[in-house]
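Residue-level structure breakdown
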Amino acid sequence: SPDSVRGAETTFTQDVNPSDDRKSLLLFDLSSIPQGSVILSAKLKFYIDAEGQGFNMHRMLVAWDETTASFTSIGSMHFLTDNFDAESSLDVAWPGNDGYVGFDSLTISTSTIQDWVDSVVVNNGWLMIGSHASDGQQLRSREFATVGDRPSLSISYTLPAVVAPVAPTALALTAVSGTQLDLSWVDNSNDETGFEIERSTTGLSLIHISEPTRLLS
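One structure accompanies this document, and this report is about it. The shown structure was predicted, so the numbers you read here are calculated from the model rather than taken from an experiment.

Points about the overall build of the chain
Secondary structure summary: the chain contains 1 helix and 13 strands in total. Listed by position from the N terminus, the elements making up the chain come as β-β-β-β-β-β-α-β-β-β-β-β-β-β. Its C-alpha radius of gyration of 28 Å places the chain more than 25% over the 17 Å reference for a compact globule of 217 residues. Its C-alpha atoms put the chain at 95 × 35 × 30 Å along the principal axes. Among the 217 residues that make up the chain, the fraction classed as buried is 31%. In the chain, 73% of the contacts between residues at least 6 apart in sequence involve partners at least 24 apart. Of the accessible surface of the chain, which amounts to about 12,800 Å², a share of 53% is contributed by carbon and sulfur atoms.

Take a look at the structure:
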């Protein structure tokens, strides 16, 4: 039924056969990748449960949830590549492997992952559509009992460069007594988490003293 919610099923299918038209949605949470990271590579790994001859992946433009999504759940649009439901342009394609059952992988465009991480485009995952007129395929989903058979997305990236706070200036020392010295400086940054005071008796190595209990700027 077009209104059936199938998010709890252990497999998902891409098939454009008019008598059995089935499309899939796939989404990975990328929130653990810090914004500003540079994406170097991305690879989708999946397990083919029933052989087929390929699928196309288009970036979804509409938010969805596997607990409510059905074939007709976004205004009876049937999840089309119309630049409303999903982008019309192809993001990536798997050519299929007729007769093969087992693991396979697909290189994902780094620009897609970069756009999602940088929030240039909202990460709504992909719409997956069979690319063969009569021979679709079935993949194991994240609900499949064997964890290792579930789809996975491996991403290699470099972390954003850490920019140090602007250094303080105008450091001054005032002798208050034989046992007390006051330090003051101009604080030129607004993103530091604190200050540490260190001293050197050799001009080469530093010894940590403490964090200041009173700041002057």
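This is not the end of the story, as more comes after the structure.
Concerning the pairing of strand S11 (residues 180-186)
Pairing geometry for strand S10 (residues 169-177) and S11, over 6 bridges, is antiparallel. Following the sheet pairing, leucine 173 is matched in S11 by leucine 183. In this structure, the hairpin formed by S10 and S11 is closed by a connection of 2 residues.

Looking at the sheet that holds strand S7 (residues 126-130)
What holds strands together in a sheet is hydrogen bonding between their backbones, with the strands either parallel or antiparallel. Overall, antiparallel pairing links the 4 strands, which are arranged S2-S7-S4-S5 in an open sheet. Only two strands of the sheet have a single neighbouring strand rather than two, namely strand S2 (24-26) and strand S5 (92-94). Direction aside, neighbouring strands of the sheet carry axes that sit 25° apart on average. Both strand S4 (residues 55-59) and S7 contribute to a ladder of 5 bridges, which runs antiparallel. Bridge assignment links phenylalanine 55 to a residue of S7, and that residue is glycine 130. Contacting S4 and S7, helix H1 (residues 110-117) runs over the sheet at an angle of about 30° to S4.

Considering unusual backbone geometry
Negative phi is the rule for most residues except glycine; trans is the rule for most peptide bonds. Positive phi values are uncommon outside glycine, yet asparagine 83 reaches one of about 65°. Tracing the backbone through its elements, the reader meets asparagine 83 in the loop between S4 and S5. Classification of asparagine 83 by relative accessible area gives partly exposed; the value is 48%. Of note in the backbone geometry, alanine 170 takes a positive phi value of approximately 55° without being a glycine. Along the chain, alanine 170 turns up in strand S10.

With respect to the packing of aromatic side chains
Tallied over the full model, the rule gives 6 aromatic pairs. Ring centres of tryptophan 116 and tryptophan 126 lie 4.9 Å apart, and the angle between their planes is 65°; on these two criteria the pair is classed as edge-to-face. Of the two residues, tryptophan 116 is situated in helix H1 and tryptophan 126 in strand S7; the sequence distance between them amounts to 10 residues. Tryptophan 126 sits in the buried class, given a relative accessible area of 1%.

Examining the pattern of salt bridges
Charged atoms that come close allow side chains of opposite charge to pair. This model, assessed by the stated rule, comprises 8 salt bridges. The residue arginine 59 makes a salt bridge to aspartate 115 at a minimum N-O spacing of 3.3 Å. Taken together, the residues arginine 59 in strand S4 and aspartate 115 in helix H1 connect sequence positions 56 residues apart. By relative accessible area, which is 10% here, arginine 59 ends up buried. Residue glutamate 143 is joined to arginine 142 by a salt bridge in which the shortest nitrogen-to-oxygen separation is 3.4 Å. The class for glutamate 143 is partly exposed, based on a relative accessible area of 25%.

Calculation notes
Residues numbered from 1 in each chain as written. Predicted model: local features only at pLDDT ≥ 70, side-chain atom pairs only at ≥ 80, totals over all residues. Heavy atoms only, no water. Helix = DSSP H or I, 4+ residues; strand = E, 2+ residues; numbered from the N terminus. Rg over C-alpha atoms; globule rule 2.2 N^0.38 Å. Buried < 20%, exposed > 50% of the residue type's maximum accessible area, 1.4 Å probe, protein only. Contact = heavy atoms within 4.5 Å. Areas by Shrake-Rupley, 256 points an atom, 1.4 Å probe, with all protein chains shown as cover. Pairing = 2+ DSSP bridges. Axes fitted to C-alpha atoms, helices over the stretch in contact; angles between N-to-C directions. Phe/Tyr/Trp six-rings, centres within 6.5 Å; stacked < 30°, edge-to-face > 60°. Salt bridge = Lys/Arg side-chain N within 4 Å of Asp/Glu carboxyl O.

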